[in-house]
Amino acid sequence: MTSFRWGLIKQQMSVQFLVRTLNPFFLGLFVIQPAVFSAVGMLLSRAAGNSTPDLVYNVIGGGIMGMWSGLVFTSTYDILGDRRNGMLELIVGSPTSLNLIEAIRTLTNVLSGLFSLGLAFMAAILIFGYTFTGVNFWGVLISLVILLFSMWSIGVFLANFLAWSRLSGTFVDYLEMPIAFLCGFMYPIRVLPVWLQYISGAVPIRWALEAMNESLLGSFDLNYLVVHWLMAIGLSNVFIVLTSWMQAKVHDSIRLSGELSSI
Amino acid sequence: MIDKFVHIIRIYFAEAWLSYQGRFAITSPFGYIAGKLGFPFFLMLFFIFMGKYVGFSDPLYIVIGNILLIPAASGMGGVTLAIGEERQWGTLSYVLGSPAPRSPVFMGRAFYYIVDGFVTALLGFAIAAGLFGLDLSQVNILLLMICSLLIAVTSSGLGFLFGSISLVTRDGWMILNTFLSFLYILVGVNFPITSLPLILQKLSWGLPLTRGIMAARLVMEGEGWSAIRSLIAGEALIGLIYILIGYLFFMFLEKRSMQSGTLDAM
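Residue indices begin from 1 for each chain and proceed along its sequence in written order. Ligands are numbered from 1 and chains lettered from A, in the order in which they are written. The model is predicted, so local features are restricted to residues of pLDDT at least 70 and side-chain atom pairs to those at 80 or more, both for listing and for counting; the totals for chains, interfaces and linings are taken over all residues.

Caption draft 1: Representation of the interface of chain A and chain B in the model. Counting residues at the interface gives 30 residues for chain A and 31 residues for chain B. By residue number, the principal contributor to the side of chain A that touches chain B is helix H2 (residues 24-47) of chain A, which donates 14 residues. Under this grouping Gly is polar, as are all residues other than the nonpolar Ala, Val, Leu, Ile, Met, Phe, Trp, Tyr, Cys and Pro and the charged Asp, Glu, Lys and Arg. Of the residues in the side of chain A that touches chain B, the class split is 22 nonpolar, six polar and two charged. Distance between backbone-placed C-beta atoms decides contact: two residues are in contact if it is within 7 Å. A run of DSSP states H or I qualifies as a helix once it reaches four residues; a run of E qualifies as a strand once it reaches two. Both are numbered from the N-terminal end.

Caption draft 2: The arrangement of helix H10 (residues 204-216) of chain A in detail. The span one expects for a helix is its residue count, reduced by one, times 1.5 Å. For H10(A), with 13 residues, the first-to-last C-alpha span of 19 Å sits near the 18 Å given by 1.5 Å per residue. Here the C-beta atoms are placed from the backbone, and a residue counts as buried if at least 20 other C-beta atoms lie within 10 Å of its own, exposed if 12 or fewer do, and partly exposed otherwise. Counting buried positions along H10(A) yields 13 of 13 residues, so the element is predominantly enclosed.

Caption draft 3: How the structure looks around the nonpolar core. In this structure, A:Val40 and B:Met50 are the most contacted members of the largest nonpolar core, which totals 140 residues. Element by element, the count of residues in this core is highest for helix H3 (residues 59-88) of chain B, at 15 residues. For B:Met50, the contacting residues outside a window of four places in its chain are A:Val40, A:Gly41, A:Leu44, A:Met186 and A:Tyr187. Nonpolar core, as used here: buried Ala, Val, Leu, Ile, Met, Phe, Trp, Tyr and Cys residues forming one set through C-beta atoms within 7 Å.

Caption draft 4: Molecular detail of the packing of helix H3 (residues 55-84) of chain A against helix H8 (residues 176-183) of chain A. Residues and elements named next belong to chain A. In this description, a line fitted to the C-alpha atoms serves as the axis of each element, helices being fitted only across the stretch in contact, and the angle between N-to-C directions of two axes falls anywhere from 0 to 180 degrees. Running from amino to carboxyl end, H3 crosses H8 at an angle of 150°, the nearest separation of the two axes being 10 Å. Pair H3 / H8 crosses with right-handed handedness. Facing Met-65, Trp-68, Ser-69 and Val-72 of H3, the residues of H8 in contact are Glu-176, Ile-179 and Ala-180. Of the residues assigned to the contact of H3 with H8, the class counts are five nonpolar, one polar and one charged. Crossing handedness follows the turn of the near helix against the far one: under a right angle anticlockwise gives a left-handed crossing, and clockwise gives a right-handed one.

Caption draft 5: Quick peek at the environment of A:Ala124. All names here are of chain A. Tracing the backbone shows Ala-124 in helix H5 (residues 98-127). Considered as a pair, Ala-124 and Phe-26 are 98 residues apart in the sequence and their alpha carbons are 22 Å apart. When near neighbours in sequence (up to four residues on either side) are disregarded, Ala-124 contacts Leu-55, Val-59, Ile-60 and Tyr-130.

Caption draft 6: View of the packing of helix H5 (residues 102-132) of chain B against helix H6 (residues 141-168) of chain B. All names here are of chain B. For the pair H5 and H6, the least separation of the axes is 9 Å and the interaxial angle reads 140°. Classed by the angle they form, the pair H5 and H6 counts as oblique. Viewed along their axes, H5 and H6 form a crossing whose handedness is right-handed. From H5, Phe-106, Ala-110, Ile-114, Gly-117, Phe-118, Ala-121 and Leu-122 reach across to H6, where they touch Met-145, Ser-148, Leu-149, Ala-152, Val-153, Ser-156, Gly-159 and Gly-163. Among the residues making up the contact of H5 with H6, the classes are represented as 10 nonpolar, five polar and no charged. These descriptions rest on fixed angle ranges, namely under 35 degrees for roughly parallel, over 145 for roughly antiparallel, 65 to 115 for roughly perpendicular, and the rest for oblique.

Here you go:
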């Protein structure tokens, strides 16, 4: 059983890399778009009269932006592609659950996004001379793992969302910027109006990202970090439970009506 | 001569109508509004808060620039889609095999995109006036409309260029989108082009939109025709040059593909 699962994971990840990740479109999402956003941040900073850019938000924030954009589009295109190619019914009808397949695919997508974050860190170090002096290394590392988990939980939710409803495909793409804007990918959350900060509190990415950014800025406040980590983990679990619940309901409905294509 | 002219005009509007039916007539109101205003709106908010954090004190500068980018993106995307989608659906060979002149066929397809972008930009200004307190009381609306329309038309020249590129690569749409994202930096959408390094400033003056956006900003500040006419003339000239380059590039690729018979094989 265990070896079967490893085989499944290996196979799905391999296919996902080949089909979804390694193509020019995602190169644009992971590399070019974050670079452009970082450049806009730096030039805005320059226009405002600052002599040096903010490396954490302008440069590394660009990498986070790349991770998120890549995740939104890869996860939603997975189901769109399956549906368009007539594969969705076959996958749903196979003994392996759609949820598990989407979980593995999304994990691949999230891990692919690390490429974007890695490039941002490299740019910060090699181009801008970022030294990591005073950085809370363990804080950054733990926050990053939790950030990946948060992104994964939302990615699985979004991927399955398109299996539940064909109509959702018309607006899932538009989540890219609202989430980036609400979670403060390239600026601290405190610059948002208070009511928007409350709304962004429902997104686990916001909490993990805040903890990571504060750790990068040298915060060793364990209370602050633990609260943020727990909030991110808790909210991610809410998304996972919601995904499982919705999937069970939709699969029951599909089995009764036999009409996956009409959903 | 007159018959030929009427024939070209007829083709232009027939293609425009077909393009409208093919894309806009099937769009639901939600999808249309979300697609037209949703992404640009949240992107604009993102840039505004990015600017607020770094101390850029003029959010309306970002608001106006991003609204003016809407007709440009629409004009460019329209022509690129007109050519690229023919290729994607395998109908390009039939279009090119027909005796109809190319220019009205493909420019006609862009007509509704240009009109659509223009109207969306005006709608964007009205929304921005309500949401961000954009003061339109001193603005010459007719001049603002001229600037928005000019931006949409001149950017369609770039669309012709990217549409032609989509004849030689299947990633034409991706290349256009990448280029569009560079416009956030290069044409004075989010900050004045004087903030750019010198070499990028020179590049910026060689692109459509830069002068059009500057002219529209002057109109928003209450300036009249005399203050913007040189910018408008420059924008029209640059746009014309790009339309010509795009058209010649398209004709070159068409001729080459006719000789090699490999139009859809790439």
